[in-house]
Amino acid sequence: MSGTYLGMPAFPKAAHEAVHDATLRGNLRHATHTIRAKRAKAVAEVSDWTELREAGKRIKDHTLRHLDRYLVQLEESVTAAGGTVHWAADADEANRIVADLVKATGESEVVKVKSMATQEIGLNEALLEEGIHAYETDLAELIVQLGKDRPSHILVPAIHRNRGEIRDIFEREMSEWGRPAPEGLTDTPAELAEAARLHLREKFLRAKVGISGANFMVAETGTLLVVESEGNGRMCLTLPETLISVVGIEKIVPTWQDLEVFLQTLPRSSTAERMNPYTTMWTGTTDGDGPSTFHLVLLDNGRTDTLADEVGRQALRCIRCSACLNVCPVYERAGGHAYGSVYPGPIGAILSPQLRGVTSEIDASLPYASSLCGACYEVCPVAIDIPEVLVHLRERVVAGGEVTSKGNKVVLKPAKGHAAERAAMRAARWAFGRPGALRTGQRLASRTRRLHPRSLPGPGRAWSGTRDLPAVPAEPFRDWWQRTRGGKDGAK
Amino acid sequence: MRVALFLTCVNDTLYPDTGRAVVKLLTRLGVEVDFPMAQTCCGQAHYNTGYRHEAEPLARHFSDVFGEYDAIVTPSGSCGAMVRELYPRMGERARAEGRGDTLAATLAPVVPKTYELTEFLVDVLEVTDVGAYYPHRVTYHPTCHGLRGLGLGDRPRRLLQAVRGLELAELPGAEECCGFGGTFALKNSDVSAAMGADKVRNAESTGAEVLCAADNSCLMHIGGTMARLRTGMRPVHIAEILASTEEEPAV
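All values derive from a computational prediction rather than experimental measurement.

Enquirer: Can you lay out the overall build of chain A for me, pointing to particular residues and giving the numbers?
Expert: Each helix and strand in chain A was counted, giving 23 helices and twelve strands. With respect to the principal axes defined by its C-alpha atoms, chain A has extents near 90 × 55 × 45 Å. In chain A, which comprises 492 residues, the proportion classed as buried is 56%. Here the contacts in chain A between residues at least 6 apart in sequence split such that 72% fall between residues at least 24 apart. Per element, the accessible surface of chain A, about 21,200 Å² overall, is 53% carbon and sulfur.

So this is what it looks like as C-alpha cells:
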C-alpha cells in the first residue's frame, strides 16, 4: 500500500470493504468506544466546559479574521528570537524548502515528530526522492511507517491495528530500518513499547536534523508548541542541531494567554487526559540549549482559499483533537482509510474537499460520508458545525458555484453523476409545490400498492438489498382527514 | 389557540396511522387541531442533499400554509428541526448572498411556533401523563435531530414513563445514529446498513417487543432492518403509544 492517497475511489466504494472487514471493525469499535466514554468523563469534570468551548471558538475566529496581521507578527517574533521563517504556498513548495534545508546540513537522515502537516504534504515521500530518509518516532506513526501503511486516525494513526498485528510488523520490519525487534517478542503492550524504545533510541542519538509540526504558534512571542504523550517528540525537538517545523498557517494564536483555553480543551477532547503528559515549547534558538538552527515553514496549501468561504472557513478552527472521529458512527464502520486523506472522519470530510477542492471522485463523495447525526458538532471543542459545512459542500458538489482556488475566484460546474438526482429533486419540489399533484401521486401509490415490488431498481437497490420496504397504506392521511373531518377548510 | 398539525410528507403518504394517533391524542387532551390541506413538505430532503435552492420554495410554501396558526405541531423531530434550526439559516444565507431579507422575513413567523409533538405536550400543554395505556415492553430510540437538533432531552422518556402498563427498557447506545440520514441510506448504503443492524441488535438485547421513536423515517429504516433480520420486534411511533388507551388500545 502506498504512502499517499492519490487516486482513491469514492467513499462508498472504499467503505464497502471496510464495513465487511470484521477485524478492522472490531479494532475500531473497541478503540473508539473506549476513548469516547473516557472523553465524556474528562469533559464532565470541567464545570465551565461550555464557556471554554465558546472561548476557543472565538479566539480561533478572531485569529482567522486577522490572520494576515498575526502571521506578520509571528514572523517578526520568530526572526527576532533567532529563527528563520519560510512561506510555502503549496505542498510542492514546502517539500522543496524542507529538502533544501536538510541537504544544506549535509545529512541524509532526519527524525520526525508526529505531524499532520507533513503527512498532508507527503514530506517523507518527497524527501526520499532526494535521498533523505525520514524516520517517524511517534509510536503509532512508527507502526504505520514500518507496516508500509497509511494513517487512519488523526491522533492514533495505527488505530486500525491490534496488538498481534503490531507485533508481526515489528518482527518483520524493524531490522530493515535499524535495530531489529528483540528475540521472542510477544504482543504485551510493555514488550511492544520496549521494542520501539530500543529501536528509536539509536535514531534519536544519531540524528542531526529534526522535523516537526506544531499544535500552536504564539504570535506575540514567536513560540511554537507540541503536545504529546510519549516524550519521543521532545527527544526530536531538543537533541538535533537543526530543527525544521512545518506548520499550517491556521495554527496561530495571538497571545500566550490564549493557550490557557486550548491546553484545557485539547487533551480532554483527544486523549481524555486532564493534561497531556509532554508539552514542549520552543522560541527561536538559545545558545547551549536545544537546536542551534531553527526554521519555520508556514504552510498554506489551500488554507487561504478555505478562509475565503464564509461557511466552510470554520473548519480552520480545528485543533486536531479527533474527538469527532471517535464519536462518529460512520468513521467507526468505514474506517479511516476510506476517507482518502490524512484527515479522516467528520473533520476530514469537510477539510479535504476544501483544501483539495471537490473535483476528484473521492473529494466529491466526502460531503456525503455522513448521516448528519450531529454527534461530531456536539463534541467539537471549538464548536465547528460540521453538519452545516457538509451540507454546504454538498451544495457545491451538486450545484457548483463560485469558489476560491489558488487565490482566484472560479466558477465550479456541478459534479458529474448527479443529473438523475437533480431531476428527481426538481420533480419532487414541483409536486410538493402543488398539494393537488402530491395527492394524485399518493392516491396512485395507494391504488397500486398490491403491485409494488419488494425490491427497488436503480439507486433504490441499495436500500432494498438490506432492508424491507414499508408497505404503502390503503389511504393517505389527507384522504382520511377529508373523509372524516369533511375537509372543513375546503382546500383542494 | 389555533393549532395546526404538520404531519410531514412521509407520514402523510406512508404512515397515516401516526397522523390519526396525533389527532386522537390532542383531541383527548382538549386541543382542537386543524390539518391544513395545502401542506406538503418542509424541504429537508432537498436541503440536506445540497439542493438549497430547491428547498427554498418549499419553505416559503410551508410559511404560507402555517403562518396564521398559533402553534404548529409535528410528530417528527427531524422535520421540526428543519423548520426551527435550518429555516433561520436559509434566511441568513439568502441575506449573505445579497438577496435581501425577504426570505428571512417570510420564514421567521413559523420558526418559534413549530413544536415537535413531545415538546408541545410537555412544554405547551404541560402534561407528562397523557392518560395512555400500553401494556408492552418498549425501548426508546432518541433520533438524532430530535436529540441534538431540537434538544428534546428526556421529554419523550418522561411521557413514556407515565404510560400505564408500559415497561421501559433502556436501549444500549441509544444516542447513536441508526444510519438512516435521508439520502445517506442510499448513497452510503453499506455503512447505513451496518449502523442499522447494530441499532437493531442493541434493541433486541433489551428484550423489548417494541422500539419506539419520534420519527417515522428513522423507524422506516430500523423497521426495515428488523423485518429483514427476522427479529420479531416492531417499530412504533411514540404518538401511537401515547394515543393508546384501555378503551381503544393500539395493537
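The rest of the description comes next.
Enquirer: I'd love a proper account of the nonpolar core, names of residues and values included.
Expert: The biggest cluster of nonpolar side chains holds 91 residues, and the ones touching the most others in it are Phe11(A), Tyr339(A), Ile347(A), Ile350(A), Phe66(B), Tyr87(B) and Met90(B). Top element by residues in this core is helix α5 (residues 77-96) of chain B. It accounts for seven residues. Among the domains, domain 1 (3-124) and domain 2 (137-243) of chain B are the pair contributing at least three residues each to this core. Not counting the four nearest positions on each side in its chain, Tyr87(B) is found in contact with Cys42(B), Leu58(B), Ala59(B), Phe62(B), Met82(B), Leu107(B), Val110(B) and Val111(B). Residues Ile143(A), Leu146(A), Ile169(A) and Trp282(A) belong to the second largest nonpolar core, which totals 44 residues.

Enquirer: Before we move on, could you go through the packing of helix α23 (residues 477-485) of chain A against helix α2 (residues 16-28) of chain B and cite the residues and values that matter?
Expert: At their nearest, the axes of α23(A) and α2(B) sit 9 Å apart, and the two run at 40° to each other. On the basis of their axis angle, the class for α23(A) and α2(B) is oblique. Taken together, the residues of α2(B) that come into contact with α23(A) (itself represented by Phe477(A), Trp480(A), Trp481(A) and Arg485(A)) are Pro16(B), Gly19(B), Arg20(B) and Val23(B). Its residues assigned to classes, the contact of α23(A) with α2(B) shows five nonpolar, one polar and two charged.

Enquirer: Hey, could you go over the sheet that holds strand β8 (residues 252-253) of chain A for me, with residue numbers and the actual values?
Expert: Residues and elements named next belong to chain A. Read across the sheet, four strands follow the order β8-β5-β6-β9 without closing on themselves; strand pairing throughout is mixed. Each having just a single partner strand, β8 and β9 (278-283) make up the two edges of the open sheet. Two strands pair when backbone bridges link them, and strand β5 (residues 216-218) and β8 are joined in this way by two bridges, in the parallel orientation. Bridge pairing in β8 places Val-218 opposite Val-253.

Enquirer: Lay out the pattern of salt bridges with the relevant residues and their values.
Expert: All names here are of chain A. Here the structure, examined in full by the defined rule, presents 53 salt bridges over all chains. The residue Arg-36 makes a salt bridge to Glu-332 at a minimum N-O spacing of 3.0 Å. Highlighted residues: Arg-36 in helix α2 (residues 22-44) and Glu-332 in helix α15 (residues 329-334), separated in sequence by 296 residues.

Enquirer: Residue-level account of the interface of chain A and chain B, with values.
Expert: It is common to give the size of an interface as the accessible area lost on bringing the parts into contact. Tallying the contact residues gives 70 residues for chain A and 64 residues for chain B. Carbon and sulfur atoms make up 58% of the area that chain A and chain B hide from each other, which totals about 5,800 Å². Among the residues chain A hides against chain B, the three largest losses belong to Met425(A), Phe432(A) and Phe477(A). Together they make up 12% of the total. Taken together, chain A and chain B are joined by 13 salt bridges. Counting across the chain A and chain B interface gives 32 residue pairs in polar contact (both at pLDDT 80 or more). Here the side of chain A that touches chain B gets seven residues from one element, more than from any other, and that element is helix α20 (residues 419-432) of chain A. Of the residues assigned to the side of chain A that touches chain B, the class counts are 32 nonpolar, 15 polar and 23 charged.

Enquirer: Account for the pairing of strand β12 (residues 408-412) of chain A, naming residues and giving values.
Expert: It is a general feature of regular strands that their side chains alternate between the two faces of the sheet. All names here are of chain A. Two strands pair when backbone bridges link them, and strand β11 (residues 401-405) and β12 are joined in this way by five bridges, in the antiparallel orientation. Bridged to Ser-405 within β12 is Asn-408. Linking two consecutive strands that pair antiparallel, namely β11 and β12, is a turn of two residues; a positive phi of about 50° is found at Lys-406 within it.

Enquirer: Could you give an account of the side chain of Thr40(B), naming the residues involved and the relevant values?
Expert: On the secondary structure map, Thr40(B) appears in the loop between β2 (33-34) and α3 (44-49). Taking relative accessible area as the criterion, Thr40(B) reaches 4% and is therefore assigned buried. There is a polar contact of 2.6 Å between the side chain of Thr40(B) and the backbone oxygen of Phe432(A). Not counting residues up to four positions away in its chain, the partners in contact with Thr40(B) are Phe432(A), Pro435(A), Leu438(A), Arg478(A), Phe6(B), Thr8(B), Cys9(B) and His61(B).

Enquirer: Before we move on, can you summarise the packing of α20(A) against helix α4 (residues 52-66) of chain B with the specific residues and values?
Expert: Running from N to C, α20(A) and α4(B) cross one another at 15°; their axes reach a closest spacing of 9 Å. It follows from the interaxial angle that α20(A) and α4(B) lie roughly parallel. Pair α20(A) / α4(B) crosses with left-handed handedness. On the side of α20(A), the interface is formed by Met425(A), Arg426(A), Arg429(A) and Phe432(A), while α4(B) contributes Glu54(B), Pro57(B), Leu58(B) and His61(B). When its residues are assigned to classes, the contact of α20(A) with α4(B) shows four nonpolar, one polar and three charged.

Enquirer: Describe the UniProt feature "domain: Cysteine-rich" (unreviewed entry) in chain B, with residues and values.
Expert: All names here are of chain B. Mapped onto the present numbering, the UniProt feature "domain: Cysteine-rich" (unreviewed entry) falls on residues 3-83 and 138-222. Helix makes up 58% of residues 3-83 and strand 11%, with an end-to-end C-alpha separation of 16 Å. Here residues 138-222 runs as 47% helix and 12% strand, with 15 Å between its end C-alpha atoms.

Enquirer: Can you explain the environment of Phe35(B)? Please cite residues and give values.
Expert: Note that Phe35(B) resides in the loop between β2 and α3. Along the chain, Phe35(B) and Met233(B) lie 198 residues apart, while their C-alpha atoms are 32 Å from each other.

Enquirer: Pulling in residues and values, what's your account of the packing of aromatic side chains?
Expert: Enumeration according to the criterion identifies 15 aromatic pairs over all chains in this entry. Plain terms: the ring middles of Phe6(B) and Phe62(B) are 4.8 Å apart, the flat faces sit at 85° to each other, and that makes the pair edge-to-face. Of this pair, Phe6(B) sits in the loop between β1 (3-5) and α1 (9-14) while Phe62(B) sits in helix α4, and the two are 56 residues apart along the sequence. Per residue, the accessibility class of Phe6(B) equals that of Phe62(B), and both read buried. Its end group placed over the ring of Phe262(A), Lys60(A) keeps NZ or CZ at 5.8 Å from the ring centre.

Conventions adopted
- Residue positions are given per chain, counting from 1 as you read along its sequence in written order.
- Ligands are numbered from 1 and chains lettered from A, in the order in which they are written.
- Predicted model: local features are reported for residues with pLDDT of at least 70 only, side-chain atom pairs are reported and counted for 80 or more only, and whole-chain, interface and lining totals are derived from all residues.
- No hydrogens and no water enter the side-chain calculation; it runs on all heavy atoms of the structure.
- Under the scheme used here, helices are H or I runs from DSSP no shorter than 4 residues and strands are E runs no shorter than 2 residues, and both carry numbers assigned from the N terminus.
- Burial status follows relative accessibility: with a 1.4 Å probe on protein chains alone, a residue under 20% of its type maximum counts as buried, one over 50% as exposed, and anything between as partly exposed.
- In what follows, residue pairs with any heavy atoms lying within 4.5 Å of each other are defined as contacts.
- Per-residue accessibility takes into account occlusion by the displayed protein chains alone, with areas from the Shrake-Rupley method and a 1.4 Å probe.
- We call a set of buried residues a nonpolar core when its members are Ala, Val, Leu, Ile, Met, Phe, Trp, Tyr or Cys and they connect through side-chain atoms within 4.5 Å of each other.
- Bear in mind that the domain bounds are from an automatic or database domain assignment.
- Fitted lines through C-alpha atoms serve as axes, helices being fitted only where they are in contact, and the angles separating the N-to-C directions of these axes extend from 0 to 180 degrees.
- Working rule for angles: under 35 degrees goes down as roughly parallel, over 145 as roughly antiparallel, 65 to 115 as roughly perpendicular, anything else as oblique.
- Each residue receives one of three labels: charged for Asp, Glu, Lys and Arg, nonpolar for Ala, Val, Leu, Ile, Met, Phe, Trp, Tyr, Cys and Pro, and polar for the others, Gly being one of them.
- The criterion for strand pairing is that DSSP finds at least two bridges linking the strands in question.
- By definition, a salt bridge exists where a carboxyl oxygen of Asp or Glu is found within 4 Å of a side-chain nitrogen of Lys or Arg.
- Put simply, buried area is the surface a 1.4 Å probe can reach on two separate parts but cannot reach once they are joined, added for both.
- Polar contacts, as counted here, are pairs of nitrogen or oxygen atoms within 3.5 Å of one another; within protein the pair requires one atom able to donate a hydrogen and one able to accept it, and residues that are adjacent in sequence qualify only if both atoms are side-chain atoms.
- We call a crossing left-handed when the near helix sits turned anticlockwise from the far one by less than a right angle, and right-handed when that turn is clockwise.
- UniProt positions are given in the numbering used here, feature names are shortened, and annotations may be inferred rather than shown by experiment.
- A pair of Phe, Tyr and Trp rings is counted when the ring centres sit within 6.5 Å of each other, with Trp represented by its six-membered ring. The angle between the planes then sorts it: under 30 degrees is stacked, over 60 is edge-to-face, the rest tilted.
- Note on geometry: a ring has a charge over it if NZ (lysine) or CZ (arginine) is within 6 Å of the ring centre and within 35 degrees of the ring normal.

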